[in-house]
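# Analysis of the macromolecular model
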Amino acid sequence: MKKLTQLSLSLILGFSLSTAFAAKTEPYTQPGTNAREMLVEQPIHWISVAQLKQELEGKAPINVSFDIDDTVMFTSACFFHGQQKYSPGKQDYLKNQDFWNEVNAGCDEYSIPKQIAVDLINMHQERGDQIYFITGRTAGNKDGVTPVLQKNFNIKDIHPVEFMGGRDRTTKYNKTPAIIEHKVTIHYGDSDDDILAAKEAGIRGIRLMRAANSTYQPMPTLGGYGEEVLINSSY
C-alpha cells in the first residue's frame, strides 16, 4: 500500500511539473512560426522546362505565347518611374496615354530579361515553335518593345507584340482574342488574367512566378486555378 501511495505521488508530481513547464506565462507579442509550419508545402502542380521539353519531344511545332511584364522581363522600373511621374501614390498613370506612349517607346531597354524566359524561349525555338508576345499594355505611338524582345531573346523572325489594353472585345479577358487568333497551344504568364485567359480560350496556361519585389501587387496565388507552375521562375 505504501508503494502504491509513493507511486501515485510521483505521477502527480511529474504531471504537475510537466504542466508547469508547458504553460505559457506570457502571450506572444510578435508573429512567429514553428518547425511544423515551416515544413508545410502547398499541393501545387510544379513543372520544369526539362519536363516540358521531354513532354513535347517528337510532337509537331506549336504556337506559344508569353505575357511580358514580370513573365519574360523585370519591368517594374519602368512602371515605378511612370507612377512617380504621372500619378504619385496612385494607379491613375495606367489610364494615362502619355505613360503608355513613353513606356512602350523604349523604356524596356532598362528592363532585365528573366532566365526562365531565356530557357523557355530557347527550348521552343529549338523545336521550331512560333512565339508570340501578348501583353495587357495599351499600345503607344511607337512600338519599342518588339525590338527589345527580339534582341534580349535572340528571336530571328519575331512577330510584333500584341498590345491588348484598351481594345474592344467580346471576351471576358483581354488576352483571349489574341490567343485564339494565333491558335496558341500554351500561354505563359504571371498574372491571374493570363491563366484565366488561357482557360477562356480552352488552352494550357502555365504560371511563371512574379518576383517578390515587383511593383505589381498584390501577389497572385500560385496554382490558385489548378494551373501548372514553373519552378525557379521568379528570376
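Everything quoted here is computed from the prediction, not taken from an experiment.

Within this structure, the stated rule accounts for one disulfide. For C78, the disulfide goes to C107, at an S-S distance of 2.1 Å. Because the torsion about its S-S bond is -110°, the bridge between C78 and C107 counts as left-handed. Of this pair, C78 sits in helix α4 (residues 76-86) while C107 sits in the loop between α5 (97-104) and β4 (112-113); the two residues are 29 residues apart in sequence, bridging distant segments of the chain. One exposure class covers both C78 and C107, and it is buried.

Moving on: the environment of T185. Tracing the sequence through the fold places T185 in the loop between α8 (176-181) and β7 (186-189). Placed 122 residues apart in sequence, T185 and N63 show a C-alpha to C-alpha distance of 5.8 Å. With sequence-adjacent residues up to four places away left out, T185 is seen in contact with I62, N63, I203 and R204.

Put simply, Q217 and P218 share a cis peptide bond, and its omega is 0°. Position of P218 relative to the elements: it lies in the loop between β8 (204-207) and β9 (228-230).

Basis of the calculations
Residues numbered from 1 in each chain as written. Predicted model: local features only at pLDDT ≥ 70, side-chain atom pairs only at ≥ 80, totals over all residues. Heavy atoms only, no water. Disulfide = S-S within 2.5 Å. Helix = DSSP H or I, 4+ residues; strand = E, 2+ residues; numbered from the N terminus. Buried < 20%, exposed > 50% of the residue type's maximum accessible area, 1.4 Å probe, protein only. Contact = heavy atoms within 4.5 Å.

On their own, these measurements won't tell you what the molecule is for.
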